[in-house]
Amino acid sequence: MISDEEIIKGCINGDKKFQHLLYEKYASSMLGVCIRYFKDTEEAEDALQEGFIKVFKNLKKFRFEGSFEGWIRRIMINTALNYYRSNLKHYFHSDITENENKIVFDKDFNQDFYVEDLLKIVRDLPPGYRMIFNLFEIEGYSHKEIAAQMKISKNTSKSQLLKARKLLQKKLTLLSKHENVEVR
Amino acid sequence: MKNNYKDIGDIYREAFKDYSKKPSAKTWENIEAKLTKPVSVTSGLLKNNYFIAFSSMLIVAVIVFIVLRNTNSIEELNIADPIENVSVIASPENEEMAAAVAVEVEQELTESKTKRKTIEAEKIIPPAEQKDDVEVNLKSEQSESQQELSQSTPEISTDKTEQISSESDIVNNDALNAAEKNIPNKSTTTETGILEQEKPVEETEKTEDIIEDVPIIPIEFPLDQKICRGEKANLEVKGGITYKWNNGEEGSLISINPLVTTIYAVTVTDAGQNLHYGSIMVEVYECSPLFVPDAFTPDGDGLNDVFIAKGTDIIEFDLRVHSRTGKMIFETNNINIGWDGRIDGKMAQPGVYFYTIRFVDSLKKVHNLNGHLTLLR
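(A) Summary view of the overall build of chain B. Helices and strands together make up the secondary structure of chain B, namely ten helices and 15 strands. Classification of the 377 residues of chain B by burial places 38% in the buried group. For chain B, the accessible surface area stands at approximately 21400 Å², while carbon and sulfur atoms represent 54% of it.

(B) Expanded view of the environment of Asp-46 of chain A. Mapped onto the fold, Asp-46 of chain A is located in helix α3 (residues 41-58). In the structure, Asp-46 of chain A is positioned 34 residues away from Ala-80 of chain A in sequence and 9.9 Å away in space, judged by C-alpha atoms.

(C) How the structure looks around the packing of helix α4 (residues 68-87) of chain A against helix α6 (residues 127-139) of chain A. Residues and elements named next belong to chain A. Two numbers describe how α4 lies on α6: the axes approach to 11 Å, and their chain directions differ by 160°. Overall, the two elements α4 and α6 adopt an arrangement that is roughly antiparallel. Crossing of α4 against α6: the hand is left-handed. Contact residues: Arg-73, Ile-77, Ala-80, Leu-81 and Tyr-84 in α4; Pro-127, Gly-128, Met-131, Leu-135 and Glu-139 in α6.

(D) Fine view of the pairing of strand β4 (residues 253-256) of chain B. All names here are of chain B. Burial along β4 is one-sided: Ile-254 and Ile-256 are buried, and none of Leu-253 and Ser-255, which face the opposite way, are. Alignment of strand β2 (residues 233-236) against β4, held across four bridges, turns out to be antiparallel. Paired with Leu-235 across the two strands is Ile-254, which belongs to β4.

(E) Structural detail: the packing of aromatic side chains. One pass over the structure, following the stated rule, counts 17 aromatic pairs over all chains. Note on Phe-16 of chain B and Tyr-19 of chain B: the rings are 5.3 Å apart at their centroids and 75° apart in plane angle, and the pair reads as edge-to-face. Given a relative accessible area of 11%, Tyr-19 of chain B falls into the buried group. Following the ring pairs from residue to residue traces out a cluster consisting of Tyr-26, Phe-62, Phe-64, Phe-68 and Trp-71 of chain A. When the ring centre of Tyr-141 of chain A is taken as reference, the NZ or CZ atom of Arg-324 of chain B above it lies at 3.8 Å.

(F) View of the sheet that holds strand β6 (residues 275-285) of chain B. The four strands lie next to each other as β1-β6-β5-β3 (chain B), forming an open sheet whose pairing is mixed. Edge positions in the sheet fall to β1 (225-228) and β3 (242-245) of chain B, since each has one partner strand and no second. Averaged over all pairs of adjacent strands, the angle between their axes in this sheet comes to 25°, without regard to strand direction. Note that strand β5 (residues 262-269) of chain B and β6 of chain B share eight bridges and pair antiparallel. Within the sheet, the bridge partner assigned to Tyr-264 of chain B lies in β6 of chain B and is Ile-280 of chain B. Helix α2 (residues 16-34) of chain A contacts β5 and β6 of chain B of the sheet and is inclined by roughly 60° relative to β6 of chain B.

(G) Quick peek at the sheet that holds strand β15 (residues 366-375) of chain B. Pairing is mixed in the open sheet, where five strands are placed in the order β8-β15-β14-β10-β11 (chain B). If you trace the sheet from one side to the other, it starts and ends with β8 (295-296) and β11 (328-332) of chain B, each paired once.

(H) Molecular detail of the interface of chain A and chain B. At the interface, 57 residues of chain A touch 48 residues of chain B. Carbon and sulfur atoms supply 62% of the area buried between chain A and chain B, which totals about 5200 Å² over both sides. Linking chain A with chain B are four salt bridges, by the criterion used here. A salt bridge links Glu-137 of chain A to Arg-13 of chain B; the shortest N-O distance between them is 2.7 Å.

About the criteria used
Residues numbered from 1 in each chain as written. Chains lettered and ligands numbered in written order. Predicted model: local features only at pLDDT ≥ 70, side-chain atom pairs only at ≥ 80, totals over all residues. Heavy atoms only, no water. Helix = DSSP H or I, 4+ residues; strand = E, 2+ residues; numbered from the N terminus. Buried < 20%, exposed > 50% of the residue type's maximum accessible area, 1.4 Å probe, protein only. Areas by Shrake-Rupley, 256 points an atom, 1.4 Å probe, with all protein chains shown as cover. Axes fitted to C-alpha atoms, helices over the stretch in contact; angles between N-to-C directions. Parallel < 35°, antiparallel > 145°, perpendicular 65-115°, else oblique. Left-handed = near helix turned anticlockwise from the far one by under 90°. Contact = heavy atoms within 4.5 Å. Pairing = 2+ DSSP bridges. Phe/Tyr/Trp six-rings, centres within 6.5 Å; stacked < 30°, edge-to-face > 60°. Lys NZ or Arg CZ within 6 Å of the ring centre and 35° of its normal. Buried area = accessible area lost by both parts, 1.4 Å probe. Salt bridge = Lys/Arg side-chain N within 4 Å of Asp/Glu carboxyl O.

As structure tokens, then:
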């Protein structure tokens, strides 16, 4: 197995085979990350493409400190954030502060969802909700970080997350009852 | 289990901790194109600029020539026609090539002469200088009389001789009156006119050929593969007649056992004698004697509370956990110790973290592993 370090060095030297190796190694998992941030796969692939070009152009800057996968992943998420920022000027209107209670399902609730269903539902969220939900719940960003990245207030981030979670739960409940999922 | 129900964030975190999706082939093609673009773009543009400049020159020259031709006498028209005939055979598409051939073949000497004159006409160099540039044969021809020229090229038809003589007339005119630029221009136009006429003809021929040869037989190449070191893989190409692999094999099915990640390239000939190229990457992975989980739940329920690697016969071990931002938050050299999900005694945020593991197995082989783990509530 060729180590990441060898691959990175090969890529810096402009060797096409290594560039392809690096791409092959991370493309699928990174599309798995990007895909949650966009409504359709084509957009996600565009972001993946842009992200990889950034990766190749900035490889020299990777100092072999920390995880390379983490570094690539961060570039992908930043690319998704850039898309979000450039496509959306003013999304947030209300700034309601609510108690951030844990939203949970009933005990009898069927919790076995298919990943593809979960994906579809999260991708159907309004862009702002989707961004915050992904960053906070899956990547583990703090509200402070999200607020800085998305240029919104911390409270907005919190309230939008709450709304996103409510909406997701509503849709998942409907899904488990085999009803129409297209509810806003 | 801590609860009978799950938080929606947990459901998602768990579902997507290892979610992956293969991008379409087009994505890599686009990336590859963009990675190689900077070099080709500049040279392409340069070439284009030259091409545009050259072709626009040709167009102007042709127009001038047509105008001049129309105004000139019928006699001159008759002389000009054979020139066309000669150069259609002799001068290839490429101007430089034409120049090279022209030096060798005597009848083409006249052509190269016209070219020299073209250059001269632009630079307004007196004919005396021009002579120095030309090869010995050319020199003698130019400096000598019309008669001698026709003698030195006996195989040329009378028409051609006439042409040459008319040209040497031009040369003489030049010598006598260097200020008269129109005449050399005329000879330029004859040539360039031919060049223009010639190109489209050849191009149409080529495209026709291609249309006729388009194969409809599909060749099926195998997909890229991932194997453990020591494992065998089979690569099979379907739909061809002959196969030639870069490892020397010639079958449609090859069995391979690469020790490192290798790209296999194959050239396939189909029933229509067309060549198809394919390449398959076989990624070789060190299938590790160490098991590393991809998620853990440090909630104190006794189940999967610690992120810990499991393996036997490990001599040396080093585990590091990094946060998203690349900050190292945990390190150990003891394989029996794992990360409890705390950073400086405080519970870490649920989310994605990254690990790097370096270990030495019983064969004293060094392994480097890295990946991500998800901290679940």
